[in-house]
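# Structural overview
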Amino acid sequence: MMASIISIAIPGSPSSLWTTVRSAGVFNVACSFAALWTFVKVIRALRWRLKTTQLRGPPRTSFVYGVSNDLVSSKDSAMMYEHWAQEYGVAYMIPSVLGQTKIVLSDPKAIAHFYAQESWTYVQTPLSLTLIERLVGRGVLWSQGESHRRQRKALTPAFSNAAIRKLTSVFYDSAHKVKSAWDTELESSKDGNAVIEVQNWMNHVSLDTIGIAGFSHDFGSLDGKHASVTEVFDTFGNNPQPSAVNQIVFLLASAFPIIVKIPTKRGKLTKKLNATMGEISNDLLLRSRREKDVDVKDAEEEKSIIGLLIKAEGQEAELHMPEEEVVAQMKVLLLAGYETTSTSLTWALIELSRRPDVQTRLREELLAFGADPTYDQLKANLPYLDAVVHEILRLHPAVPEFNRCARTDDVIPLSEPVCNASGEMTDSISIGKGSLMVISIRAINRSSVIWGPDAKEFKPDRWLTEEGISGKAKEVQGHRHLLTFVDGPRTCLGKDFAIAEFKTVLSVLVKNFVFEMRDGPDTQVEIVRGILPRPRVVGEDGIGVPLRVRRYE
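These numbers come from a predicted model, not from an experiment.

Analysis parameters
Residues numbered from 1 in each chain as written. Predicted model: local features only at pLDDT ≥ 70, side-chain atom pairs only at ≥ 80, totals over all residues. Heavy atoms only, no water. Helix = DSSP H or I, 4+ residues; strand = E, 2+ residues; numbered from the N terminus. Rg over C-alpha atoms; globule rule 2.2 N^0.38 Å. Buried < 20%, exposed > 50% of the residue type's maximum accessible area, 1.4 Å probe, protein only. Phe/Tyr/Trp six-rings, centres within 6.5 Å; stacked < 30°, edge-to-face > 60°. Lys NZ or Arg CZ within 6 Å of the ring centre and 35° of its normal. pLDDT = per-residue confidence, 0-100. Contact = heavy atoms within 4.5 Å. Salt bridge = Lys/Arg side-chain N within 4 Å of Asp/Glu carboxyl O. Pairing = 2+ DSSP bridges. Axes fitted to C-alpha atoms, helices over the stretch in contact; angles between N-to-C directions. Left-handed = near helix turned anticlockwise from the far one by under 90°. Core = buried A, V, L, I, M, F, W, Y, C linked by side-chain atoms within 4.5 Å. Polar contact = N/O pair within 3.5 Å; in protein donor to acceptor, adjacent residues only side chain to side chain.

Okay, the overall build of the chain next. Assigned secondary structure in the chain consists of 22 helices and 12 strands. Relative to a compact globule of 553 residues, whose C-alpha radius of gyration would be 24 Å, the chain shows 26 Å and is just as compact. Projected onto its principal axes, the C-alpha positions of the chain cover 100 × 65 × 45 Å. Counting over 553 residues, the chain shows a buried share of 52%.

Set out below in structure tokens:
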């Protein structure tokens, strides 16, 4: 009798296990797994609550979404974060999807500590990892810890000052292609001006530039060639608003990342973009390998992006990358080349169209300087151009929000005390393993507390004097006190490349053309979702930004 009980309780073979499962019932087994999952979740939640300082914050507006739907639906989520910081302090909690809680940091001291620990203590959230892998693969954006350090170190020489200095002519070539095309369009107009959809042009400037500068390949988008990668990028721009289904999937995915694999329209576009970039990257890689075999490259050519990637592929390489990583880096660079600088250039043309006085002053500086400035002159000899560029980067960061997850427990210091949920004041907050962390880059860059009462204004003059940057802003430890390129071990690798390209293209366009909003200076501009958030003139399709352009004479 006892032996038979034991043989049932501890099956001796897979077939007897399956018999036991069947006799117990699939439903009961499922309930057991659900109960175990719930038990683990409860234990983790209790540990998190014990290890984490409980902070005040806004009430839940939705049982399912917390305040996440409010943030996603808002026309200006940064204003919501700033309002909450004023009400609850420099660190607070917000309720998120399905009972999750996020900790929001709005304090420069806390943010500096956070970024110093990034990639080790604070890592990508499961949702971020899933989305990045689906879009560009397991490259430097996706990797963490030692893997990230290795990949970043392998790519760093391609973004040194010396490397970018040699690429300045590529930036100018792209800018002058736009100038020539616009000159031709203006010559054919009756009154010497034309309405030009500038965002599409800025996209193609950036794509062609990264193609030539990074991979010695001309996509030809400025010449009207319709390469597959251009078409799929443009498709994202023509479908900027997520459907209700896409929005629900995105919100719920923060709790269950696997949901992003549901085949929505946007998900299919992402998959197509990944595949197209993969094909392009593989083609460029094969061509470059063949060229390397035919003739030995000199040391300078090996420091190009494609040269460094091929070098890292070698088994004997100190910073070896498998082919999967090499292709992923190329996808990241293509994506960044298309999305980030092009968005900044578009915002610059919008702001200059709204402020003709700033546009005129910038043009006067550029014309007084004379010929196209060199890389070093762009950095040091054109202060107002530098001011305009950094004011755009402050007001309109390409990535507006930063999310991470605590991999271990931590204690974050604060520059000023906050009141916790129990009503007690504290000058540091304990962070439990698994905590979800948020920094609103746009809110910090535009904060009235940090940047002063004119923080929301486009005011390049603030960059021209030491007094123009307020004391609180000086505590922000990013590039030029901005979080636009983030900070710490994951500071944007292409920061100097992007700024040099931005300055080069803007200088050529402003010297040669006058820009106005097509429908007057009060034209409303909204933010819509491409791959990253993008500007669009209200009422336009896709990501349309039509400006009235005429030659400067």
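For the rest of this paragraph, the subject is the packing of aromatic side chains. Taken as a whole and assessed by the stated rule, the structure comprises 14 aromatic pairs. Following the ring pairs from residue to residue traces out a cluster consisting of Tyr 81, Trp 84, Tyr 88 and Tyr 92. The positively charged end of Arg 394 is found above the aromatic ring belonging to Trp 451, 5.4 Å away from the centroid. We note Arg 529 situated over the ring of Phe 250; from NZ or CZ to the ring centre the distance is 5.2 Å.

To continue, consider the confidence of the model for the chain. The share of residues in the chain with pLDDT of 70 or more is 92%, and the mean pLDDT across the chain is 88. Low pLDDT, under 50, characterises residues 1-11; the predicted model gives this stretch 4 contacts beyond four residues in sequence or across chains.

On to unusual backbone geometry. For Leu 98, which is not glycine, the phi dihedral falls at a positive 50 degrees. Take Leu 98: it is sitting in the loop between strand E1 (91-95) and strand E2 (101-105). Backbone geometry places Ser 216, a non-glycine residue, at a positive phi of 55 degrees. Tracing the backbone through its elements, the reader meets Ser 216 in the loop between helix H10 (198-215) and helix H11 (228-238).

Further remarks concern the pattern of salt bridges. Two side chains that carry opposite charge are able to pair once their charged atoms sit near each other. Here the structure, examined in full by the defined rule, presents 32 salt bridges. With a closest N to O distance of 3.6 Å, Arg 354 and Glu 351 form a salt bridge. With Arg 354 and Glu 351 both in helix H16 (residues 323-354) and 3 residues apart, this pair spans about one turn of that helix. A residue is classified by how much of its surface remains accessible, and Glu 351, at 7% relative accessible area, is buried. Among the charged side chains, a network of salt bridges with common partners joins Glu 391, Arg 394, Asp 454, Lys 459 and Arg 462.

Here we take up the sheet that holds strand E4 (residues 193-197). Read across the open sheet, the 3 strands follow the order E4-E12-E9; overall the sheet is antiparallel. Lying at the two open borders of the sheet, with one neighbouring strand each, are E4 and strand E9 (513-517). When the angles between neighbouring strand axes are averaged without regard to direction, this sheet yields 35 degrees. The sheet contacts of H10 involve E4 and strand E12 (546-551), and relative to E4 the element is tilted by about 60 degrees.

Spatially, the 5 strands line up as an open sheet ordered E1-E2-E8-E5-E3, and their pairing is mixed. Across the chains shown, the open sheet's two edge strands, defined by having one partner strand only, are E1 and strand E3 (122-123). As defined by bridge partners, E3 adjoins strand E5 (residues 401-406) across 2 bridges and the pair is classed as antiparallel. By the bridge assignment, Val 123 is partnered in E5 with Cys 405. Together, E2, E3, E5 and strand E8 (436-440) form the strand contacts of helix H6 (residues 108-116), whose direction differs from that of E8 by roughly 120 degrees.

This part covers the packing of helix H9 (residues 161-187) against H10. When two helices pack together, you describe them by how their axes are tilted relative to each other and by the distance separating the axes. Two numbers describe how H9 lies on H10: the axes approach to 10 Å, and their chain directions differ by 145 degrees. Read as a crossing pair, H9 and H10 show a hand that is right-handed. Contact residues: Leu 167, Val 170, Phe 171, Ser 174, Val 178, Ala 181 and Trp 182 in H9; Val 198, Trp 201, Met 202, Val 205, Asp 208, Thr 209, Ile 212 and Ala 213 in H10.

A few words now on the nonpolar core. By size, the foremost hydrophobic cluster in this structure holds 80 residues, and its most contacted members are Leu 105, Trp 182 and Leu 506. Other than its neighbours up to four places away in sequence, Leu 105 contacts Val 90, Ala 91, Ala 110, Ile 111, Phe 114, Ile 412, Ile 429, Met 437, Val 438, Ile 439 and Ile 444. Among the nonpolar cores identified, the runner-up in size contains 48 residues, and Ala 158, Phe 159, Phe 171 and Val 232 belong to it.

This brings us to helix H7 (residues 126-136). Among the residues of H7, those classed as buried are Leu 127, Ser 128, Leu 129, Thr 130, Ile 132, Leu 135 and Val 136. Following H7 by one or two positions, Gly 137 has its phi on the positive side, about 90 degrees.

With that out of the way, let us pick up the side chain of Thr 52. Structurally, the position occupied by Thr 52 is in the loop between helix H3 (26-51) and helix H4 (68-73). The class for Thr 52 is buried, based on a relative accessible area of 5%. Among the polar contacts made by the side chain of Thr 52, one reaches the main-chain carbonyl oxygen of Trp 48 at a distance of 2.8 Å. Setting aside residues no more than four positions away along its own chain, Thr 52 makes contact with Met 93, Ile 103, Ser 430, Ile 431, Gly 432 and Ser 435.

Here Gly 539 shows up in the loop between strand E11 (533-537) and E12. C-alpha of Gly 539 to C-alpha of Gln 524: the two residues are 15 residues apart in sequence and 9.0 Å apart in space.

Quick look at the pairing of E8 now. Within E8, 5 of the 5 residues are buried, which leaves the element mostly enclosed by the surrounding structure. The pairing of E2 with E8 spans 3 bridges and is classified as parallel. In the sheet register, Val 104 faces E8, and the bridge partner there is Val 438. One ladder, built from 5 bridges, connects E5 with E8; its direction is antiparallel. Bridge assignment links Asn 403 to a residue of E8, and that residue is Val 438.

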